[in-house]
Amino acid sequence: MNLYTQNEFYFSADEAYSFHMGITQRLQARHHQTFKHVIDEVPLDIDGVKSISRRLNSAALKLNDVSGPEDLQSIGLTCRESLIELAGILAQGNPALLKDHGLKAADFKGIAKAVISIYAAGRQNSNLRKRCRNLIEAAWDQSSEVVHSPNKNVPDAKICLLFTCSAVSVIQNIFLKYLGFDNEPKCPECRSMDYDISDGGSPDEFILICNSCGHETPVAQEI
């Protein structure tokens, strides 16, 4: 009763209770509409894999409305199915992968680890390969535990989803490294990657102009 004005005589105890219940129900409904999406916590870029994106977004929505262990197990199953689908996509992109490594199409951990070796090859990437493989293991193992255990809670399922999103994102980003993003131009003076490009003194040359320090770097165009 102390939450509301004492000057209004029409607020009986029953009316105040009804009014307060109405407000709390409205706030709960607003929370369900505007809750923070768990996937927002991970920098996830999976536009090229629409079905996996739909699966993971659906699982994130289910986190907001869990009523029993079976709901959590369903989220774990969705994560595991997403990883298996990713394994199939990776195998399609590397046709000889299954044969060369003796892998099955649904072996997510085996396929992902083989792809990591391809996309992050060389001694300079040895630590990165190890970390990526650990994440792959964590994503698969956590999803399996959530699927098979009736004793997991909402944070367990959320961690499962975060691991899965991270695994997908990591695979995509080491692929970008493989495509040559490691060789992206940097300013030789300040190492900034924020630059503009202008024409050089000849048709075969252009100039990188650093937006941080203003240094100009002539670069020959490769034909």
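In this report, the structure presented in the accompanying data block is examined. Small disclaimer: the values here were computed from a predicted structure and weren't measured.

## Overview of the nonpolar core
Core analysis: the largest hydrophobic core is formed by 35 residues, its most contacted members being Leu86, Phe108, Ile111, Ile136, Leu161 and Ile171. At the level of elements, α2 (50-62), α3 (69-93), α5 (108-119), α6 (126-148) and α7 (154-179) are the ones that each hand at least two residues to this core. Setting aside residues up to four positions removed in sequence, phenylalanine 108 forms contacts with Leu83, Leu86, Ala87, Ile136 and Trp140.

## A closer look at a nonpolar patch on the surface
Together, Ile118, Phe175, Leu176, Tyr178 and Leu179 make up an exposed nonpolar region whose accessible area comes to about 430 Å². Its place among the elements puts leucine 176 in helix α7.

## A look at the packing of α5 against α7
Axes are the key here: two packed helices are described by the angle between their axes and the distance separating the axes. At a closest axis distance of 9 Å, the pairing of α5 and α7 adopts a crossing angle of 25°. In terms of their interaxial angle, α5 and α7 are classed as roughly parallel. α7 is crossed by α5, and the crossing has left-handed handedness. Contacts between α5 and α7 involve Ala112, Ile116, Ile118 and Tyr119 from the first element and Ile171, Ile174, Phe175 and Tyr178 from the second.

## Digging into α7
Think of an α-helix as turning once every 3.6 residues; residues three or four places apart then point the same way. Across its 26 residues, α7 extends 38 Å between first and last C-alpha, which sits within 8% of the 38 Å expected from 1.5 Å per residue. Among the residues of α7, Asp156, Ala157, Cys160, Leu161, Thr164, Cys165, Ala167, Val168, Ser169, Ile171 and Ile174 are the ones counted as buried. Tucked inside the fold, the buried residues of α7 contact α2, α3, α5 and α6.

## Quick notes on empty space enclosed by the protein
Empty space among the atoms becomes apparent when a probe as large as a water molecule is rolled across them. Following the criterion strictly, the structure yields one cavity of 30 Å³ or more and no others. Within this model, the largest cavity holds a volume of roughly 50 Å³. Surrounding the largest cavity, Lys186, Cys187, Pro188, Ser192, Tyr195, Leu208, Cys210, His215 and Thr217 form its lining. Here the residues of the lining of the largest cavity sort into five nonpolar, three polar and one charged.

## Quick notes on the packing of α2 against α7
Following both chains from N to C, one finds α2 and α7 inclined at 160°, their axes separated by 11 Å at the closest point. Classified by the interaxial angle, the pair formed by α2 and α7 is roughly antiparallel. Crossing handedness for the pair α2 and α7: left-handed. Where α2 approaches α7, its residues Ile52, Leu56, Ala59 and Ala60 are matched on the opposing element by Leu161, Thr164, Cys165 and Val168.

## So, α2
With 13 residues, α2 ought to run about 18 Å at 1.5 Å a step, and its terminal C-alpha atoms sit 19 Å apart, in line with that. Those residues of α2 not exposed but buried are Ile52, Ser53, Leu56, Ala59 and Ala60. The arc that holds the buried residues of α2, viewed along the axis, is 130°, so those residues lie on one side. Projecting away from the buried face of α2 at angles above 90 degrees are the exposed residues Lys50 and Arg54. Where α2 is buried, its residues meet α3 and α7.

## Details of the environment of glycine 76
Locating glycine 76 in the fold gives a position in helix α3. Classification of glycine 76 by relative accessible area gives buried; the value is 0%. For the pair glycine 76 and tryptophan 140, spaced 64 residues apart in sequence, the C-alpha separation works out to 9.6 Å. If sequence neighbours within four positions are ignored, glycine 76 has contacts with Ser143, Val146, Val147 and Cys160.

Basis of the calculations
- Residues numbered from 1 in each chain as written.
- Predicted model: local features only at pLDDT ≥ 70, side-chain atom pairs only at ≥ 80, totals over all residues.
- Heavy atoms only, no water.
- Core = buried A, V, L, I, M, F, W, Y, C linked by side-chain atoms within 4.5 Å.
- Buried < 20%, exposed > 50% of the residue type's maximum accessible area, 1.4 Å probe, protein only.
- Helix = DSSP H or I, 4+ residues; strand = E, 2+ residues; numbered from the N terminus.
- Contact = heavy atoms within 4.5 Å.
- Patch = residues over 30% accessible without salt bridge, like charges linked within 9 Å, V, L, I, M, F, W, Y side chains within 5 Å.
- Areas by Shrake-Rupley, 256 points an atom, 1.4 Å probe, with all protein chains shown as cover.
- Salt bridge = Lys/Arg side-chain N within 4 Å of Asp/Glu carboxyl O.
- Axes fitted to C-alpha atoms, helices over the stretch in contact; angles between N-to-C directions.
- Parallel < 35°, antiparallel > 145°, perpendicular 65-115°, else oblique.
- Left-handed = near helix turned anticlockwise from the far one by under 90°.
- Expected span 1.5 Å × (residues − 1).
- 1 Å grid on protein atoms, 1.4 Å probe; cavity = no way out; pocket = protein on both sides within 12 Å on 5 of 7 lines; lining within 4 Å.
- Points joined across faces, edges and corners; volume = space filled by probe spheres on them.
- Nonpolar A, V, L, I, M, F, W, Y, C, P; charged D, E, K, R; others polar.
- Arc of directions from axis to C-beta.

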